[in-house]
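Structure at a glance
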Amino acid sequence: QVQLVESGGGLVQAGGSLTLSCAASGSIFSINAINWYQQAPGKQRVWVATITRGGSTNYADSVKGRFTISRDNAKNMVYLQMNSLKPEDTAVYYCHTLIRGFNYWGQGTQVTVSS
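Throughout what follows, the structure given in this document is the object of discussion. (Residues numbered from 1 in each chain as written. Predicted model: local features only at pLDDT ≥ 70, side-chain atom pairs only at ≥ 80, totals over all residues. Heavy atoms only, no water.)

**As for the sheet that holds strand β7 (residues 67-72)**
Short version of the rule: For two strands to pair, DSSP has to find at least two bridges joining them. Where helices and strands are cited, they refer to DSSP runs of H or I of at least four residues and of E of at least two residues respectively, numbered from the N terminus. Here an angle of 0 to 180 degrees is reported between the N-to-C directions of two axes, which are lines fitted to C-alpha atoms, with helices fitted over the stretch in contact.
Read across the sheet, four strands follow the order β1-β3-β8-β7 without closing on themselves; strand pairing throughout is antiparallel. Two strands close off the open sheet at either side, each with one partner strand: β1 (2-7) and β7. Across the sheet, the axes of successive neighbouring strands diverge by a mean angle of 15 degrees, strand direction being ignored. Pairing of β7 with strand β8 (residues 77-82), which is carried by six bridges, proceeds in the antiparallel orientation. Bridge assignment links aspartate 72 to a residue of β8, and that residue is methionine 77.

**Examining the state of the cysteines**
The following threshold applies: Disulfide assignment relies on a single distance test, namely cysteine sulfur atoms paired within 2.5 Å. Exposure is judged per residue with a 1.4 Å probe applied to protein chains only, and the accessible area is read against the type maximum: over 50% gives exposed, under 20% gives buried, and values in between give partly exposed.
Summed over the entire model, instances satisfying the criterion amount to one disulfide. The disulfide partner of cysteine 22 is cysteine 95, and the S-S distance across this bridge is 1.9 Å. Because the torsion about its S-S bond is -85 degrees, the bridge between cysteine 22 and cysteine 95 counts as left-handed. Taken as a pair, cysteine 22 in strand β3 (residues 18-26) and cysteine 95 in strand β9 (residues 91-99) lie far apart in primary sequence, 73 residues in all. No difference in accessibility class separates cysteine 22 from cysteine 95, as the two residues are buried.

Below, the structure written as structure tokens:
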């Protein structure tokens, strides 16, 4: 069992920045990659970024160059630094990991970017 808890969302003006956090607990030794997803109102959840245990990262084209994913293994934390935010980044952001074929999701944190 793994628990993921997101925090750090809020309201920000376009061009601004936010940092989201994902706290992992439970069987964290089983965690390899941690992902961030976003779900805009009325749309499907889409992948945003991934970081592996070793620190390799990958980003969706829509956020590349603006978002940075990082992790602190000692604190069991993963972060998503979001810069140059756009109104289209408005969404609920979820932390996710896949362990032995089972998907673990956090409860999500709302990010709203005003124009």
